[in-house]
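# Summary of the model geometry
Take a look at the letters that make up each chain.
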Amino acid sequence: MKKLTKIKPKPNLQESPLRENCELLDQIRADTVNDIESLTEDFQHMSVVAESIRRNYQALLSENQLLKDTLVSIVDDCECWQTNRCNRCKKILKSLESNHPDFPPNATKKYRSILSQLRNLG
C-alpha cells in the first residue's frame, strides 16, 4: 500500500493580508455598532435627565411665582397707601424689585430680544 502524504500548500502571500484586512474591517464594524448602541443609550439617558431638570425647573418657577403673588397680595391688602408705604411693604417691594442689582433695568428686554432672534434662526 502506498502511503498518502498530505502536502500543505504554500500560503498565498497576496491572499493573507487581504483576509486579515477583511477580518479587521469586520471587527471595526462590530465595534462601531456597539459604540453607536452605547451612544444611543447615553442620549436616551440624557433625554430623561433633561426632562427631569425641565420638570423640576418648571415646578420651581411655579413656586416662585406663587411666592411673588403672595407677597404682592400682602402689599395690596395692607392699609398703607401706594405713595406712602409702610416699612414692611417697602421691604417686600424691594425684595420683589430684583434679585440681581447688577442687571440694568432693560436687561430683561435685551434677553428677550436675543432669545427671539435665536429662535427665529432655527
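## Points about the confidence of the model for the protein
With 82% of its residues at a pLDDT of 70 or more, the protein shows a mean pLDDT of 86. When pLDDT is averaged over each element of the protein, helix α1 (residues 15-77) comes out on top at 94 and helix α3 (residues 107-121) at the bottom at 83.

## Quick notes on the nonpolar core
Counting residues in hydrophobic clusters, the biggest one holds 5 residues: Val75, Cys78, Cys80, Cys89 and Ile92. Discounting residues that sit within four places of it in the chain, Cys89 has contacts with Val75, Cys78 and Cys80.

## Details of the pattern of salt bridges
Summed over the entire model, instances satisfying the criterion amount to 3 salt bridges. The salt bridge partner of Asp26 is Arg29, with a shortest N-O separation of 3.7 Å. Highlighted residues: Asp26 and Arg29, both in helix α1, separated by 3 residues, approximately one helical turn. Overall, Arg29 belongs to the exposed group, its relative accessible area being 53%. Between Glu51 and Arg54 there is a salt bridge, and its shortest N-O distance comes to 2.6 Å. Note that Glu51 and Arg54 are positioned in helix α1 at a spacing of 3 residues, about one turn of the helix. The class of Glu51 is partly exposed, set by a relative accessible area of 32%. On the basis of relative accessibility, which here comes to 45%, the residue Arg54 falls in the partly exposed class. Each of Glu51, Arg54 and Arg55 takes part in a single network of salt bridges with overlapping partners.

The rules behind the values
Residues numbered from 1 in each chain as written. Predicted model: local features only at pLDDT ≥ 70, side-chain atom pairs only at ≥ 80, totals over all residues. Heavy atoms only, no water. pLDDT = per-residue confidence, 0-100. Helix = DSSP H or I, 4+ residues; strand = E, 2+ residues; numbered from the N terminus. Core = buried A, V, L, I, M, F, W, Y, C linked by side-chain atoms within 4.5 Å. Buried < 20%, exposed > 50% of the residue type's maximum accessible area, 1.4 Å probe, protein only. Contact = heavy atoms within 4.5 Å. Salt bridge = Lys/Arg side-chain N within 4 Å of Asp/Glu carboxyl O.

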